[in-house]
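Structure assessment
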Amino acid sequence: MAEFPNQDQAKKLAKDNHPEEHDDDDKATLIDEPQFLDSRWIHLVDGQEGSSSKNGIIPRGHNKHLTASLQQLKYNENKISLDRSINQTIELIYEVTNENKERPIFYPTEIEDDANVLLNSAKAHLALVRQNKVIKDLPEFRILKINLKFSHNDNNNSISSLDKKSIAKLLEKKLQQQVKYLLKLKDRIDDTTSKVFVTGDLNAGKSTFCNALLRRKILPEDQQPCTSVFCEVIDASKENNSIEEVHAVPIGKEYNIRDESTYEVYPLKTLEELVYDCDRFSLLKVYVLDRRSFQESLLHNGVIDIKLIDAPGLNMDLYQTTQVFSRQEEIDLVVFVVSAENHFTLSAKEFIAAAANEKRYVFIVVNKFDHIKDKEKCKKRILDQIKSLSPDTYKDAKEFVHFVSSSDIINGGGDGGDNGDPDDNDDDNNNNDHPDFDQLDASLRKFILEKRSISKLLPAKDYLLNILQDLLTLSKVNERIYHDERQSKVEELNNQVAPKYNDMVNKSLRIGDSINALIETTCTQAYNEASKEIITTVNNFETQLAMIDTILDAVSRSEEVAKKLTSERVDEIIKYGKETLGEEFLNDKVFNSDLMFSRKKDTIGKSIDDTIEIQDFFDPSVESFLIFVGLPEKMVNSAKYQISYFNPLGILTSIPSNAVTLKEQLPTQITLHTLYSSGKILTTGALVHKMYQFSQYITPSMVKKIALPVIIGVSGITIYYLISDIPNALPRKQARKIKKQIGKLDYAHQNSSRISRECRQVLNYPSRQVMNNFQTSIDKRNNEKAKLEKIIKDAEISSGFFKHLFTKIHVQQESLGKIELV
């Protein structure tokens, strides 16, 4: 990197080139005082370096040095401020990138037919944008602009495929490119050299223009496109030991002048062949000597190192055009050469528009102007185009837009002093009058050398301002979108999703309780019905005949009742689900009651001991005896019933507790039959009383006479009764034994419990189905609720992030705006 020379070094270099013009150091120098000198010159204000400070007077030359030193200090201060601003901007981009990875950023862009939309979630936000609920006017980006062009046929499919994440990836890639660009921009402003990039359309005369600036034919010229490799023209006296040659850098290599493996050395005369070899080389470093004075030479100016880059023409091919566009980040000044015959092509317009994002001023060289007949019309048309492409360039068109004919400079003048006497070259140059090109040359020198803050630092400042404005716009858009989205989602959550979720939870609890109560009621009812049926059946049997089969029939009847009851309750439970859940209820099963109680045959017969014993044949009882002696069975049963009814325990338990109960019971309990039976009992009592009185007349002798016949008669009657009663006694005795065993087995309870338990199991299936459907619906609404809550939380975080970012960018803009470049 070349340092700025001090005054003595500048004078010495001038003497070496023109010794006859610098015999006396006190004479005025032939070069302008450099505007950017080393800060060490600040000591000159103290009167050193031969200054006449004794009388308090500082010589005029020292005032120039002081001015140059102050300008250099200001330049260095501005450069440091820009470096700091670049670092801070990169940090802001990293913050945006990280936020974009966490929560994809909304990015406004344009689609094929210039319809302004906000590309993000295709389903959620496109509709909002089209309804003008988010953004009314699409913001315009200069640096972070992403253009998406779709055909009419694929427009709908393309839009639907470009969701929020897809756009976020494109934006992330764009941000990464800007970080790389800013790092190169930082290197560029730290570099003490200045790179002048000469480009333009094919056959615009770029190489011819470069040769005209050098006043020497170095780069090959042809009517056909010749330059297909970037040529970087460098002052050989500064970087290559004053040796004129070409260093050809192969594709894939990074040039290092100290490492000969990174380039191939060729003589200068082979340049005409090398510029065509774009398949081998990516860059040609052309080292030349310019022996003209500092005032005349652009490369060898005695102030700063300048590199002149001749680029391949636009529209040569897509790869070369892309390479030309990509080199903008490395250059300080763009000189765009346009043919006066063809004006600006589409590629030229795109290049200048891209350059305008960073470089406020672009030198426009309208070449071959001498071929134009109506020059004023040509000037007007070109200036009108420049006005839309680079407004600042148009405003200062006198300095930055030049109409020349570069070919006349070389054809009519010297060769730059590479052969012969420098004085002869000066005479030749003075004899050639090219005021338009001389004005261009002077403007270019002045802009690069004297206005270095503008040419070197202003592009960096403009680029930073543009990218900060884009970030500010992006922050403003996203802060508003996320703020509106949060409000929209909170409203949706509070008014739609949360109420539906809470309502479904309440319905689930209510229906669950109802179904559980229904199941309990059904099971209890099934138990009671079965228990009642079985117990009644068992109690109604007085004999053993078909008793087991009858009990089994009672169990079967109880099961049928339970089936019917369960089937009704299943339908009722399903109805609960359908009425409450509607279309969300999925009933994929059909209940078949015939499959209930499909068990093995009841084994009660094996559990009953029905073995016959001797005592089982005899079962004497008053009732059977009375029937045996000839009393009607109905009368015996009635008497038995009355006696059992009026037993002391029964009388005590049936006493009415109050008069009302007594009144209600009297009509039903006191009947004529009861009164008649009571009268018979009273008559019988009187008869017994009389027999007791009659017993007083019976003597022992009388008893002895009639006792034996009575005993024999009674015994005979008894034996005859017992024998006659055997067919009835055995079934009665066996029936009582079986009833007793059934009671011990708790048969009625076990079967009733079994029937109730199976009813419960069956009813649990539709119950679980309904509750599972409820849970599915609840989970669905809970997921919607959780998703909305996450969106709300993310929107709140993003809104806060972009609000804070907006403030930081605004502060950075103010800080950058305070950097004054003059």
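Remember, it's a predicted structure, so these values are computed and weren't measured experimentally.

Focus on the sheet that holds strand β12 (residues 401-403)
Across the sheet, which stays open at both edges, the nine strands sit in the order β7-β6-β8-β5-β9-β4-β10-β11-β12 with mixed pairing between neighbours. In the strand order of this sheet, the two ends are held by β7 (264-266) and β12, each with one partner. Direction aside, the axes of adjacent strands within the sheet are offset by 20 degrees on average. Against the sheet, helix α11 (residues 375-389) makes contact with β11 (363-367) and β12, and its axis sits at roughly 155 degrees relative to β12, the strand it touches most.

Description of the packing of helix α18 (residues 547-581) against helix α26 (residues 747-817)
Following both chains from N to C, one finds α18 and α26 inclined at 15 degrees, their axes separated by 10 Å at the closest point. Accordingly, the angle class assigned to the pair α18 and α26 is roughly parallel. Remark: the crossing between α18 and α26 carries right-handed chirality. Partitioning the contact of α18 with α26 into residue classes produces 16 nonpolar, nine polar and three charged.

Some remarks on the state of the cysteines
Scanning the model with the defined rule gives zero disulfides in all. Distance from the sulfur of cysteine 210, which forms no disulfide, to the nearest cysteine sulfur (cysteine 231) is 8.7 Å. Residue cysteine 210 is classed as buried on the basis of its relative accessible area of 0%.

With respect to the side chain of threonine 262
Secondary-structure assignment places threonine 262 in the loop between β6 (245-250) and β7. The class for threonine 262 is buried, based on a relative accessible area of 8%. At a separation of 3.1 Å, a polar atom in the side chain of threonine 262 contacts the main-chain carbonyl oxygen of asparagine 256.

Notes on the pattern of salt bridges
By the definition in use, this model includes 29 salt bridges. The residue glutamate 232 makes a salt bridge to lysine 285 at a minimum N-O spacing of 2.9 Å. Here lysine 285 lies in strand β8 (residues 281-288) and glutamate 232 lies in strand β5 (residues 230-235), a separation of 53 residues in the sequence. Comparing glutamate 232 with lysine 285 shows no difference in burial state: the two are buried. Taking the shortest distance from any N to any O, the salt bridge between aspartate 462 and arginine 360 comes out at 2.6 Å. With aspartate 462 in helix α17 (residues 452-539) and arginine 360 in the loop between α10 (346-356) and β11, this residue pair connects regions lying 102 residues apart in the sequence. The class for arginine 360 is partly exposed, based on a relative accessible area of 30%. Among the charged side chains, a network of salt bridges with common partners joins Glu232, Glu239, Lys285 and Lys307.

Re the environment of glutamine 769
Counting through the fold element by element, glutamine 769 comes out in helix α26. Along the backbone, glutamine 769 and phenylalanine 585 are 184 residues apart, and their C-alpha atoms lie at a distance of 9.1 Å.

Re α18
In this model, α18 (35 residues) spans 51 Å end to end at C-alpha, consistent with the 51 Å of a helix rising 1.5 Å per residue. A positive backbone phi angle near 65 degrees is found at glycine 582, which sits one or two residues after α18.

What to know about the side chain of glutamine 178
Relative to the helices and strands, glutamine 178 is located in helix α5 (residues 164-190). Residue classification places glutamine 178 among the buried positions, given a relative accessible area of 6%. In contact with glutamine 178, not counting residues within four places along its chain, are Ile93, Ile143, Leu144, Tyr463 and Ile467.

As for the packing of α5 against α17
Where α5 contacts α17, the two axes come as close as 11 Å, and the packing angle between them is 155 degrees. The orientation of α5 with respect to α17, classified from their angle, is roughly antiparallel. Where α5 crosses over α17, the handedness of that crossing is left-handed. The segment α5 lies against α17, with Lys164, Leu171, Gln178, Tyr181, Leu182, Leu185, Arg188 and Ile189 engaging Lys456, Leu457, Pro459, Ala460, Tyr463, Leu464, Ile467, Leu474 and Tyr482.

About the cut-offs
- Residues numbered from 1 in each chain as written.
- Predicted model: local features only at pLDDT ≥ 70, side-chain atom pairs only at ≥ 80, totals over all residues.
- Heavy atoms only, no water.
- Pairing = 2+ DSSP bridges.
- Helix = DSSP H or I, 4+ residues; strand = E, 2+ residues; numbered from the N terminus.
- Axes fitted to C-alpha atoms, helices over the stretch in contact; angles between N-to-C directions.
- Contact = heavy atoms within 4.5 Å.
- Parallel < 35°, antiparallel > 145°, perpendicular 65-115°, else oblique.
- Left-handed = near helix turned anticlockwise from the far one by under 90°.
- Nonpolar A, V, L, I, M, F, W, Y, C, P; charged D, E, K, R; others polar.
- Disulfide = S-S within 2.5 Å.
- Buried < 20%, exposed > 50% of the residue type's maximum accessible area, 1.4 Å probe, protein only.
- Polar contact = N/O pair within 3.5 Å; in protein donor to acceptor, adjacent residues only side chain to side chain.
- Salt bridge = Lys/Arg side-chain N within 4 Å of Asp/Glu carboxyl O.
- Expected span 1.5 Å × (residues − 1).

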